[in-house]
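Now for the letters of each chain:
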Amino acid sequence: MDGERIVIVEGITDKKKLKKVLDEEVEIICTHGTLGIERMEEMILDFNLDERSVYILVDEDDSGYKLRKQLTEELPHAEHIYIDKAFREVAATPEPEIARALLSRHFNVKPIYLI
């Protein structure tokens, strides 16, 4: 996979949380929940997802599992980033925890969150 990296999250608050922790420009797209087939296809085409390194970071709850499964079927090359199940939601996960998860996939994160 070449192309720029892109992270798929569920909601705006997740996106803001990632932007806060990341120390590099990474495109982040929100699904706003599970996707219909048309929206999924549009997203793949609009963001050229078949040609890019895709990372999936969704909540550890039923809707998150469903979305992850759906994205995995459509984007088998995508890599997964997981948060601790204890936090359930990406938005509720402490920044250092998010930083560690992103670091595990070789993203640059702000050093302040690596304490």
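All of these numbers come straight from a predicted model, not from anything done at the bench.

Visitor: Where do I start with the pattern of salt bridges in this structure?
Guide: It is possible for side chains bearing opposite charge to pair when their charged atoms get close. In total, this model carries nine salt bridges according to the counting rule given. Between K69 and E73 there is a salt bridge; the shortest N-O distance is 3.3 Å. Of this pair, K69 and E73 are both found in helix α3 (residues 62–74), four residues apart, which corresponds to roughly one turn of the helix. Between E97 and R100 there is a salt bridge, and its shortest N-O distance comes to 2.9 Å. One end of the pair, E97, and the other, R100, are both in helix α4 (residues 95–103), three residues apart, so they sit about a helical turn from each other. Note on E97: relative accessible area 23%, which makes it partly exposed. The structure contains a network of salt bridges with shared partners spanning K17, K20 and E95.

Visitor: Is there a simple way to explain the packing of aromatic side chains in this structure?
Guide: Each aromatic ring pair is summarised here by two numbers: the centre-to-centre distance and the angle between the ring planes. Within the structure shown, the criterion is met by one aromatic pair. Residues Y55 and F107 carry aromatic rings whose centres are separated by 4.8 Å and whose planes lie at 75° to one another, so their mutual orientation is edge-to-face. Placement of Y55 in strand β3 (residues 53–56) and of F107 in the segment after α4 is noted, with a sequence separation of 52 residues between them. Each member of the pair Y55 and F107 is classed as buried. One Lys or Arg, R5, reaches over the ring of F107 and ends 3.9 Å from the middle of that ring.

Rules used in this analysis
- Residues numbered from 1 in each chain as written.
- Predicted model: local features only at pLDDT ≥ 70, side-chain atom pairs only at ≥ 80, totals over all residues.
- Heavy atoms only, no water.
- Salt bridge = Lys/Arg side-chain N within 4 Å of Asp/Glu carboxyl O.
- Helix = DSSP H or I, 4+ residues; strand = E, 2+ residues; numbered from the N terminus.
- Buried < 20%, exposed > 50% of the residue type's maximum accessible area, 1.4 Å probe, protein only.
- Phe/Tyr/Trp six-rings, centres within 6.5 Å; stacked < 30°, edge-to-face > 60°.
- Lys NZ or Arg CZ within 6 Å of the ring centre and 35° of its normal.

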